[in-house]
Amino acid sequence: MKLTFLGPLYARQGPFACAYVDTSRDLDDPDQAIDLRRHRLESQLSDQGADLATVGAVVRTIGTDRDLPGRHGQAVFAAHGRLALAEELPEPPPRDTARLTMLPDAMPLALQHAPDIPYAAAAVHRVTEPGGELEADLQAGRWPTAKVAPGHRSRRRVPADEWRQASAEVAVQLAELADRTGAEAVDLSGDHWARNTLARDLPKRLRDRAVGIDSNGWDARPERALLEDELGYLFHGRLSAHDQSGVDRFLACRARRSGAVEGLSATVTALHHGQAEAVLINDPFDLHRRLWVGLAPKQIGLTQRELQSLGITKPWEEPADAALIRAIVGTGAELIVVPRDELPLPDGMGALLRYPDVAG
């Protein structure tokens, strides 16, 4: 998984005010609930010493996703009185948090982007009107962020007795959408006859990627992903094809004992040398310790003495997850989130290397 979306966050220096907050709208009075959360986080940041302008930048942003229905959250980062990054979270955080820290607390945001599977979806359902019409909705996205950042949804309605002809035209539109987004799966749902006709009309290169999903094939909430619940079931526990390829290469390198490392120490060393092509992290990720860092992303180590020996005069400690994600982004590495029960790693991490084992 590429982490280019985090790049703007590291374009400035800290300290950062970081907030993760539940901004779900599936409550009786969501505005009141969010307002209470906002005030609580404001107090926490102020108590930690955040300046008024930076606190204000965070507070003004919390709840600005009010047009998004259902369960979700927000991750908000500000520094020196200005908003640095704000993103909707596909799932609300386990608990609201607010921290003032030199490095942004970005690992929870990155983890919510996994597995980052590109897909295209089509839902065809019968409209209960005289004459019997079929309505087809098309949409593409990346799972699971599509839940809170859905792509454009196109809709076409035709008489049911004209579907055989219309299906071929919809298939062309769906194929263009899948090709443009690099979809790994083409998900079809709704009326069985209509979706089977559509599947047969898809170009041969996409038929193997077509997956039929049993549901009513319709979603009344255009602000959310088309077939959201069905896609959640379909993609649960899966990796993107790109990430699965990385895992396969990691396993092959590990078997040869060259080109891959495991554990915190070896992974940190690989990041320090700019050697990590991809960092593998277990989900759930629960490494509770601190690392030493300097101003540059590659300045990361297990001990203060380690960095000072390299001429870094004023290193400081940060939570390991914040230090690791900055180093991953700053060295151009990718992040692969792997379920712990499928590939348990020492300390919950490992790295696929760009070149032979300087990191040992």
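In what follows, the structure referred to is the one given above.
The structure presented is a predicted model; accordingly, all values stated were derived computationally and were not measured.

(A) Expanded view of the sheet that holds strand E11 (residues 276–283). Strand order in this open sheet of four strands is E10-E16-E11-E15, and the pairing throughout is mixed. The open sheet has two free edges, formed respectively by strand E10 (260–262) and strand E15 (334–339), since each of these has just one partner strand. Each strand of the sheet is rotated relative to its neighbour by a mean of 20 degrees, with strand direction disregarded. As judged from the six bridges shared by E11 and E15, these two strands associate in the parallel manner. Bridge assignment links Ala278 to a residue of E15, and that residue is Glu334.

(B) Fine view of the packing of aromatic side chains. Under the defined criterion, the tally for this structure stands at three aromatic pairs. Pairing Tyr119 with Phe235 gives two aromatic rings, centres 5.9 Å apart and planes at 50 degrees, and the pair type is tilted. Of this pair, Tyr119 sits in strand E5 (residues 117–127) while Phe235 sits in helix H7 (residues 228–235), placing them 116 residues apart in sequence. On the basis of relative accessible area, Tyr119 is assigned to the buried category, the value being 1%. Residue classification places Phe235 among the buried residues on the basis of a relative accessible area of 2%. Their ring planes at 50 degrees and their centres at 6.2 Å tell us that Trp143 and Phe235 sit as a pair that is tilted.

(C) Broad picture of the layout of surface pockets. Looking at the largest pocket, its volume works out to about 1,300 Å³. Lining the largest pocket are 41 residues, and of these Pro94, Pro108, Leu111, Gln112 and Asp283 lie nearest its centre. Contributing elements (two or more residues each) for the lining of the largest pocket: strand E4 (97–101), helix H3 (107–113), H7, helix H11 (320–330) and E15. Looking at side-chain class alone, the lining of the largest pocket contains 22 nonpolar, six polar and 13 charged residues.

(D) Up close: the sheet that holds strand E12 (residues 290–293). Taken in spatial order, the three strands make up an open sheet running E13-E12-E14, and their pairing is antiparallel. Lying at the two open borders of the sheet, with one neighbouring strand each, are strand E13 (300–301) and strand E14 (316–319). Relative to E14, E12 runs antiparallel, the two being bridged by four bridges. Looking at the pairing, Leu291 lines up with Glu318 of E14. The sheet strands contacting H11 are E12, E13 and E14, and the helix crosses E12 at an angle near 45 degrees.

Conventions used here
Residues numbered from 1 in each chain as written. Predicted model: local features only at pLDDT ≥ 70, side-chain atom pairs only at ≥ 80, totals over all residues. Heavy atoms only, no water. Pairing = 2+ DSSP bridges. Helix = DSSP H or I, 4+ residues; strand = E, 2+ residues; numbered from the N terminus. Axes fitted to C-alpha atoms, helices over the stretch in contact; angles between N-to-C directions. Phe/Tyr/Trp six-rings, centres within 6.5 Å; stacked < 30°, edge-to-face > 60°. Buried < 20%, exposed > 50% of the residue type's maximum accessible area, 1.4 Å probe, protein only. 1 Å grid on protein atoms, 1.4 Å probe; cavity = no way out; pocket = protein on both sides within 12 Å on 5 of 7 lines; lining within 4 Å. Points joined across faces, edges and corners; volume = space filled by probe spheres on them. Nonpolar A, V, L, I, M, F, W, Y, C, P; charged D, E, K, R; others polar. Contact = heavy atoms within 4.5 Å.

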